[in-house]
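As a plain string of letters, each chain reads:
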Amino acid sequence: MTARLLDGNALAQSLRADFKTRAEALAARGTRPGLAVILVGEDPASQVYVRNKVNACAQAGFHSEKITYPPDVDPQVVFDRLAELNADPTIHGILVQLPLPKHFDSDAVLKAIAPAKDVDGFHAENVGALMQGHPRFIPCTPYGVMKFFADAGIDLRGKEAVVLGRSNIVGKPMAMLLLQASATVTVCHSQTRDLAFHTRRADILVAALGKARFVTADMVKPGAVVIDVGINRLPDGKLCGDVDFAGVSEVAAAITPVPGGVGPMTITMLLANTLEAAEREAG
Ligand code: NDP
């Protein structure tokens, strides 16, 4: 392997140590950062994500509340609970674990979270603020990716950045952040013609399409920085990213692994957003 490994576990650990110190300082002034996580249904992956988020809060000295509902819960029950949490001074961040069961209007649920507590950054008001260049909450996954660049001293100005995927939670906010960092950004999706033409000219390549080992070495410009957001489960039960790590790490200058890359940073930035909300609230 020739590429520099961008180690998400190590970066997450150092950031979380800093958050713990800041949380203790805030608690000494009477405010303990608090996160409420709502889980509807019994999706096993969602259960794991929620458990990890709650555990991360405990380790950082945050208060957290896990609120669970059966899959057939009346959406009004969730809306009522959200209204209570919006008004609860011990809660600074609220997130609803997605996906929600089919009988829920997910957009309406996300809209029911107070924008000042929307630590996922999915509320239209926060999406708009990000678009205008003065974000209140940056969606956790792209926020974590930007931390890799900052930590590794990668200057994005004038670079060709190519983002694979245009979802609201990863691809679109990622593209916006890269643009704000003065990269020249191309966003690719399932209808993009000649994808490799775009990826081969990328100085910065962010793969977020959800296709196991899709990005191969011949699609990558030598010396590129490759960020692999994808999480895919292989038939043998192991996890892999959207990038063929073994091949691409021979041509890239730097690369994130899966697991141990973007994944640990996503929860870390949820803590960052919750802490920032609590710090804002405490003045
Ligand atoms: P979505 O399924 O919402 O979006 C996938 C995007 O990839 C879509 O825009 C789609 O295009 C595009 N796409 C699919 N196939 C191709 C293709 N062949 N060529 C080009 N583009 C393609 O996924 P998410 O954004 O939610 O997640 C992406 C991946 O990142 C998943 O593996 C997910 O598990 C992972 N993830 C990881 C996180 C982490 O913490 N590490 C956090 C969140 C997600 P179109 O819009 O045209 O359909």
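Criteria and cut-off values
- Residues numbered from 1 in each chain as written.
- Predicted model: local features only at pLDDT ≥ 70, side-chain atom pairs only at ≥ 80, totals over all residues.
- Heavy atoms only, no water.
- UniProt positions renumbered as here; feature names shortened; annotations may be inferred.
- Helix = DSSP H or I, 4+ residues; strand = E, 2+ residues; numbered from the N terminus.
- Rg over C-alpha atoms; globule rule 2.2 N^0.38 Å.
- Buried < 20%, exposed > 50% of the residue type's maximum accessible area, 1.4 Å probe, protein only.
- Contact = heavy atoms within 4.5 Å.
- Expected span 1.5 Å × (residues − 1).
- Domains from an automatic or database assignment.
- Pairing = 2+ DSSP bridges.
- Axes fitted to C-alpha atoms, helices over the stretch in contact; angles between N-to-C directions.
- Patch = residues over 30% accessible without salt bridge, like charges linked within 9 Å, V, L, I, M, F, W, Y side chains within 5 Å.
- Areas by Shrake-Rupley, 256 points an atom, 1.4 Å probe, with all protein chains shown as cover.
- Salt bridge = Lys/Arg side-chain N within 4 Å of Asp/Glu carboxyl O.
- Phe/Tyr/Trp six-rings, centres within 6.5 Å; stacked < 30°, edge-to-face > 60°.
- Lys NZ or Arg CZ within 6 Å of the ring centre and 35° of its normal.
- Near = heavy atom within 4 Å.
- Polar contact = N/O pair within 3.5 Å; in protein donor to acceptor, adjacent residues only side chain to side chain.
- Nonpolar A, V, L, I, M, F, W, Y, C, P; charged D, E, K, R; others polar.
- Lys, Arg positive; Asp, Glu negative; His and termini not counted.

As annotated in an unreviewed UniProt entry, the protein is Bifunctional protein FolD from Candidatus Accumulibacter adjunctus. The Sequence similarities (unreviewed entry) comment attached to the protein in UniProt states, word for word, "Belongs to the tetrahydrofolate dehydrogenase/cyclohydrolase family." In the Pathway (unreviewed entry) part of its UniProt record, the protein is described as follows: "One-carbon metabolism; tetrahydrofolate interconversion."

Caption draft 1: Broad picture of the overall build of the protein. When you go through the protein residue by residue, the secondary structure sums to ten helices and eleven strands. Whereas a compact globule of 283 residues would reach a radius of gyration of roughly 19 Å, the protein reaches 19 Å, a difference of no more than 12%. Within the protein, the fraction of its 283 residues that count as buried is 49%. In the protein, once contacts between residues fewer than 6 apart in sequence are set aside, the share between residues at least 24 apart is 69%.

Caption draft 2: Summary view of the UniProt feature "domain: Tetrahydrofolate dehydrogenase/cyclohydrolase NAD(P)-binding" (unreviewed entry) in the protein. As annotated in UniProt, the feature "domain: Tetrahydrofolate dehydrogenase/cyclohydrolase NAD(P)-binding" (unreviewed entry) corresponds to residues 139-281 in the numbering used here. The span residues 139-281 carries 36% helix and 17% strand; its end-to-end C-alpha distance comes to 19 Å.

Caption draft 3: Looking closely at helix H10 (residues 262-282). Here H10 spans 30 Å end to end across 21 residues, near enough to the 30 Å set by a 1.5 Å rise per residue. Positive backbone phi, at 75°, marks Gly283, one or two positions downstream of H10.

Caption draft 4: Quick look at the domain arrangement of the protein. Examined at the domain level, the protein breaks down into domain 1 (30-117) and domain 2 (140-262). Measuring from the centre of the C-alpha atoms in domain 1 to the corresponding centre in domain 2 gives 29 Å.

Caption draft 5: Spatial organisation of the sheet that holds strand S3 (residues 63-69). Pairing is parallel in the open sheet, where three strands are placed in the order S3-S2-S4. With one partner strand each, in any of the chains shown, S3 and strand S4 (93-96) form the two edges of the open sheet. Going from strand to strand, the sheet's axes swing by 15° on average, the running direction of each strand aside. Both strand S2 (residues 34-40) and S4 contribute to a ladder of four bridges, which runs parallel. Counterpart to Ala36 in the pairing with S4 is Ile94. Against the sheet, helix H3 (residues 75-87) engages S2, S3 and S4, with an angle of about 165° to S3.

Caption draft 6: Structural detail: a nonpolar patch on the surface. Taken together, the side chains of Tyr49, Ile231 and Leu239 present a nonpolar region at the surface, about 270 Å² in accessible area. Within the element layout of this structure, Leu239 appears in strand S10 (residues 239-240). For Leu239, a relative accessible area of 34% gives the class partly exposed.

Caption draft 7: Representation of the packing of aromatic side chains within the structure. Summed over the entire model, instances satisfying the criterion amount to zero aromatic pairs. Over the aromatic face of Phe137 sits the side chain of Arg280, whose NZ or CZ is 4.9 Å from the ring centroid.

Caption draft 8: Just the sheet that holds strand S11 (residues 254-255), in detail. With parallel pairing, the six strands of this open sheet are ordered in space as S1-S11-S8-S7-S5-S6. Taken across any chain shown, the strands that pair with only one partner, and hence form the sheet edges, are strand S1 (4-5) and strand S6 (184-188). As defined by bridge partners, strand S5 (residues 160-164) adjoins strand S7 (residues 204-207) across four bridges and the pair is classed as parallel. Across the sheet, residue Val163 finds its bridge partner in S7, namely Val206. Packed onto the sheet, helix H7 (residues 171-180) meets S5, S6 and S7 and runs at close to 170° relative to S5.

Caption draft 9: Representation of the site of the ligand within the structure. Around the ligand, a shell composed of 21 residues is seen, among which Arg166, Ser167, Ser190, Val229 and Thr266 lie nearest. Here an oxygen atom of the ligand and a side-chain polar atom of Arg166 are 2.7 Å apart. Between Ile231 and the ligand, the recorded distance is 3.1 Å, taken from a backbone N or O atom to an oxygen atom. Relative to its unbound accessible area of 920 Å², the ligand is 71% covered by the protein chains. In terms of residues, the shell around the ligand owes the most to one element, H10, which gives three residues. Of the residues contributing to the shell around the ligand, the split by class is nine nonpolar, ten polar and two charged.

Caption draft 10: Up close: the side chain of Gln97. With respect to the helices and strands, Gln97 occurs in the loop between S4 and helix H4 (106-111). With a relative accessible area of 6%, Gln97 lands in the buried category. Setting aside chain neighbours within four positions, we find Gln97 in contact with Ile38, Leu39, Ser46, Tyr49, Val50 and Lys53.

Caption draft 11: Molecular detail of the side chain of Lys53. Along the chain, Lys53 turns up in helix H2 (residues 44-60). Although Lys53 lies buried, it forms no salt bridge, and the closest oppositely charged side chain, Asp120, sits 5.5 Å away as judged by the N-O distance. Within polar-contact distance, the side chain of Lys53 engages the side chain of Gln97 at 2.8 Å. Filtering out sequence-adjacent residues up to four positions away, Lys53 remains in contact with Leu95, Gln97, Ile267 and Leu270.

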